[in-house]
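# Chains, contacts and geometry: an overview
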Amino acid sequence: MKRFLYSVFIMIGSAVSVNAAVLFPFFVDIAPDYEEGVSEEFQAAGITDAMYHSTRPDFIVSTLSTVQDFLKDTLPSDVIRTEQKIGDRILITYTSINRKNDTIETNPLMSIIYVLSRPDNSYVAAYDEQEVDNEEVNI
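Here we summarise the structure given alongside this text. (Residues numbered from 1 in each chain as written. Predicted model: local features only at pLDDT ≥ 70, side-chain atom pairs only at ≥ 80, totals over all residues. Heavy atoms only, no water.)

### Here's the deal with the side chain of histidine 53
Inclusion rule: Put simply, DSSP H or I for four residues or longer makes a helix, DSSP E for two residues or longer makes a strand, and each gets a number counted from the N terminus. Per-residue accessibility, obtained with a 1.4 Å probe over protein chains only, is compared with the maximum for each type, and a residue is labelled buried under 20%, exposed over 50%, and partly exposed between these values. Definition of a polar contact: a pair of N or O atoms within 3.5 Å, with one able to donate and the other able to accept a hydrogen when the atoms are protein atoms, and with sequence-neighbouring residues admitted only if both atoms are side-chain atoms. Contacts are assigned to residue pairs that have any heavy atoms within 4.5 Å of one another.
Here histidine 53 shows up in strand β2 (residues 52–56). The class for histidine 53 is buried, based on a relative accessible area of 10%. Here the side chain of histidine 53 touches glycine 37 through a polar contact of 2.9 Å, landing on its backbone oxygen. If sequence neighbours within four positions are ignored, histidine 53 has contacts with Phe27, Asp33, Tyr34, Glu35, Glu36, Gly37, Val38, Ser39, Ala125 and Ala126.

### Some details on the pairing of strand β4 (residues 89–98)
To be explicit about the condition: Only strands joined by at least two bridges in the DSSP assignment are considered to pair.
Of all 10 residues in β4, 8 are buried, a share of seventy percent or more. In this sheet, β4 lies alongside strand β3 (residues 80–86) in antiparallel orientation, the contact comprising 7 bridges. Bridge pairing in β4 places arginine 81 opposite tyrosine 94. Turn length for the β3-β4 hairpin, with the two strands adjacent in sequence and antiparallel, is 2 residues, and the turn residue glycine 87 shows positive phi of about 65°. Across 8 bridges, β4 lies against strand β5 (residues 109–117) in antiparallel orientation. Pairing of threonine 95 across the sheet is with isoleucine 112, part of β5.

### Some points on the sheet that holds strand β6 (residues 123–131)
Defined as follows: Here, axes are lines fitted to C-alpha atoms. For helices the fit covers the stretch in contact, and angles between N-to-C directions go from 0 to 180 degrees.
Read from one edge to the other, the open sheet built from 6 strands follows the order β1-β2-β6-β5-β4-β3, with strand pairing classed as antiparallel. Across the chains shown, the open sheet's two edge strands, defined by having one partner strand only, are β1 (33–36) and β3. Pairs of neighbouring strands in the sheet enclose a mean axial angle of 20°, with direction left out of account.

### Here we look at unusual backbone geometry
Positive phi, normally seen in glycine, also occurs at asparagine 121, with a value near 70°. Relative to the elements of secondary structure, asparagine 121 occurs in the loop between β5 and β6. The class for asparagine 121 is partly exposed, based on a relative accessible area of 38%.

### Some words on the nonpolar core
Going by this rule: Remark: nonpolar core denotes a set of buried residues (Ala, Val, Leu, Ile, Met, Phe, Trp, Tyr, Cys) joined through side-chain atoms within 4.5 Å.
Within the largest apolar cluster, 18 residues are counted, with the highest numbers of intra-cluster contacts made by Leu23, Ile30, Leu71, Tyr94, Ile113, Val115 and Tyr123. Residues Val38, Ile47, Ala50 and Val124 belong to the second largest nonpolar core, which totals 13 residues.

### Structural notes on the pattern of salt bridges
For clarity, the cut-off: One side-chain nitrogen of Lys or Arg within 4 Å of one carboxyl oxygen of Asp or Glu is enough to make a salt bridge.
One pass over the structure, following the stated rule, counts 4 salt bridges. Measuring nitrogen to oxygen at the nearest pair gives 2.5 Å for the salt bridge that ties arginine 56 to aspartate 33. Here the residue arginine 56 occupies a position in strand β2, and aspartate 33 occupies one in strand β1, the gap between them amounting to 23 residues. Given the relative accessible area of 36%, arginine 56 is considered partly exposed.

As structure tokens, then:
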């Protein structure tokens, strides 16, 4: 019986670990107050699609450097981080692709956190999810 339970736990653990993380809980950690849609700041930075945007930074991680350190320490290792300069601002993008484990053939879900610096060293964040084709993520 012990072997059976042990093997069940191993199979469940393996199935769960295959999926990448959906990043929404991490977005809420850095943006406790958020609204639907894309803010004007993100539109000016070229981000046209987002499900939510922050209305203010978190009080504990309130600067760009602290939010970067926080996400570096808490995000799973499979999250891809990119950074680009847009004028005098920095846009940092965190991306994760979640491949669904189900019997119906479904497309993977890409979740994205955008962090945009402000001149006063604070930041605004946005979150988006998009279905991507299986071919796009080389499954």
